[in-house]
Amino acid sequence: FPNGEVVCTCCTCCQILCDDIEEVSYEISQVLSAVGVDIAEGEYSEQALKWIEVDSNVIVYKGRTLFQRFALACILFATNPGIKTRRPAWINSTGWMTSNDECTWYGVNCDIDGIIKGIQLPNNNLTGVFPSEITLLATSLNVLDIGGNSLSGSNAELEWIGGLRQLQELDVHLCNFAHNG
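None of the values given here were measured: they were computed from a predicted structure.

Asks: Describe in detail the sheet that holds strand β5 (residues 150-154), supporting the description with residues and values.
Replies: Strand order in the open sheet formed by three strands is β3-β5-β7, with parallel pairing between adjacent strands. Unpaired on one side and paired on the other, β3 (127-129) and β7 (176-178) mark the two borders of the sheet. Recorded for the sheet is a direction-independent mean angle of 15° between the axes of neighbouring strands. Across three bridges, the pairing between β5 and β7 is parallel. Directly across from Gly153, in β7, lies its bridge partner Phe177.

Given below as structure tokens:
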């Protein structure tokens, strides 16, 4: 399905599903492009988009849910080396990358309407550069706790912090962030 291939010819259901998935993928790509997020081939953002495309519930997701799941998938693919290598993975990734409601995923806190208000993943073996796609949650995210992880970044890689307009609590202690200027 992700490549638009119809795998059966017994009915039109598969083609309709493929068309719906293609439409959702296009919608995500267009909105991401409009907010300055590029889907880079072979990078974590492409992996996140592919995961969304093959999720069995993708057709029922609407607006905010779709983008929340994409932002969270970017976090996982960008900071969890266990996804791509044999190196240690996150200590706790319960619920992540499942079809379960993202509000039930470890470290994700939502309000009663299912809007993400907090992400708390301290001391969880996150590594690498934290993804700027977190800004897709800019209008709702109040708490971000990623302290005690092996995250890195400097200047341009950290510009996403300024885009989190509703952020009230930020914990990045022991991360290897550097800012010059």
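Next comes the rest of the account.
Asks: Report on the state of the cysteines, specifying residues and quantitative values.
Replies: One pass over the structure, following the stated rule, counts one disulfide. There is a disulfide in this structure between Cys103 and Cys110, and the S-S distance comes to 2.1 Å. The S-S bond linking Cys103 to Cys110 shows a torsion near -90°; that makes this disulfide left-handed.

Asks: Please provide a residue-by-residue account of the environment of Thr127, values included.
Replies: With respect to the helices and strands, the residue Thr127 is situated in strand β3. When the C-alpha atoms of Thr127 and Trp90 are compared, they prove to be 8.8 Å apart, with 37 residues separating the residues in sequence. In this view, Thr127 contacts Ala78, Thr79, Pro81, Ser150 and Leu151; residues no more than four positions away in its chain are not counted.

Asks: Give a detailed account of the layout of surface pockets, specifying residues and quantitative values.
Replies: As a volume, the second largest pocket reaches approximately 150 Å³. Lining the second largest pocket are Gly63, Arg64, Phe67, Gln68, Thr135, Leu136, Leu137, Ala138, Thr139, Gly163 and Arg165. Per-element accounting of the lining of the second largest pocket gives the leading share, four residues, to helix α3 (residues 63-79).

Parameters and conventions
Residues numbered from 1 in each chain as written. Predicted model: local features only at pLDDT ≥ 70, side-chain atom pairs only at ≥ 80, totals over all residues. Heavy atoms only, no water. Pairing = 2+ DSSP bridges. Helix = DSSP H or I, 4+ residues; strand = E, 2+ residues; numbered from the N terminus. Axes fitted to C-alpha atoms, helices over the stretch in contact; angles between N-to-C directions. Disulfide = S-S within 2.5 Å. Contact = heavy atoms within 4.5 Å. 1 Å grid on protein atoms, 1.4 Å probe; cavity = no way out; pocket = protein on both sides within 12 Å on 5 of 7 lines; lining within 4 Å. Points joined across faces, edges and corners; volume = space filled by probe spheres on them.

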